[in-house]
Amino acid sequence: MKYIMQNSDSNYRQVIDTIINNRKKEIFDFFNCREIELPFHIYIYDSIEELVNGLRERGFKKEPDYICACHKDEDNSLNFFEPKDNPNENEWSKEEYKNVIFHELIHGIQFTLFGSTPEWLNEGIAKYLDGTYSKGIKWLLDNYINNNPIPNQEEIENEFGMHEYDSYDYAYVMVSYLIDTLGKDNFVNLLRDKEQIEVVKDDLLNKSINYYNEKYNEEKSIKK
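Thresholds applied
- Residues numbered from 1 in each chain as written.
- Predicted model: local features only at pLDDT ≥ 70, side-chain atom pairs only at ≥ 80, totals over all residues.
- Heavy atoms only, no water.
- Helix = DSSP H or I, 4+ residues; strand = E, 2+ residues; numbered from the N terminus.
- Expected span 1.5 Å × (residues − 1).
- Buried < 20%, exposed > 50% of the residue type's maximum accessible area, 1.4 Å probe, protein only.
- Pairing = 2+ DSSP bridges.
- Axes fitted to C-alpha atoms, helices over the stretch in contact; angles between N-to-C directions.

Caption draft 1: Expanded view of helix H1 (residues 12–30). Spanning 19 residues, H1 covers 27 Å between terminal C-alpha atoms, matching the ideal 27 Å at 1.5 Å per step. For H1, the complete set of buried residues consists of Tyr-12, Ile-16, Ile-19, Ile-20, Ile-27, Phe-28 and Phe-30. Phi turns positive one or two residues past the end of H1, at Asn-32, with a value near 55°.

Caption draft 2: View of the sheet that holds strand E3 (residues 70–72). Spatially, the 4 strands line up as an open sheet ordered E1-E2-E4-E3, and their pairing is mixed. With one partner strand each, in any of the chains shown, strand E1 (2–5) and E3 form the two edges of the open sheet. Each strand of the sheet is rotated relative to its neighbour by a mean of 20°, with strand direction disregarded. Relative to strand E4 (residues 77–81), E3 is paired through 3 bridges, and the arrangement is antiparallel. Directly across from His-71, in E4, lies its bridge partner Leu-78.

Caption draft 3: Structural view of unusual backbone geometry. Positioned with a positive phi, Asn-76 is a non-glycine residue whose angle comes to about 45°. Here Asn-76 lies in the loop between E3 and E4. The backbone of Asp-203 sits at a positive phi, close to 55°, despite the residue not being glycine. The topology assignment puts Asp-203 in the loop between helix H9 (194–200) and helix H10 (204–223). According to the relative accessible area criterion, Asp-203 is partly exposed, its value standing at 35%.

This is how it looks when you write it as C-alpha cells:
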C-alpha cells in the first residue's frame, strides 16, 4: 500500500493502518480467499472539502453531495479525509469515521479479488459486512421500505445514489436475499461470473422485498 497524504505531519495514517490490519481478515474470510498483499493507493485529505476538490483535480468530476470517502476502481485507490478532533454535531467524528474506513476497505478488497462489479452489488456487500443494518431486515422493512414506493430496478442499477430515497437500503436487501437463497459460497462464486450477475438481477429488488415480507409474515403466523 502507498499513502499519499495532504498533510505529511499527520499521524492519521496509523489509524487507517490499524483498521486495515485488524479487520482485513474478516473480509478475506467472507470472500473465501487467502489474504494477499493489498495494492491500494490511499489518499488522505485534510478535510471533507479537500477530499472533494482532490478527487475533482484527479479527474473524478461527478461525486455525490454526501461523499465522505470512496474507493475508485479506476486507480484502485481508497480516498479519505481526516475528521476534526472536536467536530460539531453535523460533522463526522473520528470514532464514527472508523466504520467508513472499514466500508471502503471492503470495496477495495472486493475489487482487488474480483474486479469491477455493479455498484448496487458493491454497496450491498459493504453494507452487509459493515454492521450498518444491525437492527435487521425486518426492522428496515417495517420502518422504511414497506412505507414507501419501491424504486424501479433500473434506477437502482443505473442511478444509484441519485434519488431522494436511500439506495443503500435496497442494495443491502438485494444482497441479503442473494446470500440467503444462493448460500454464501455460491454468492461469492457469482462475483466471478459477470454473465450470471446479469441473470440474477432481473426484477431482483421486488423479489427480495417479497421474499422477506413473506418470510416474516410466515414467522408471525407460526407464533400465533
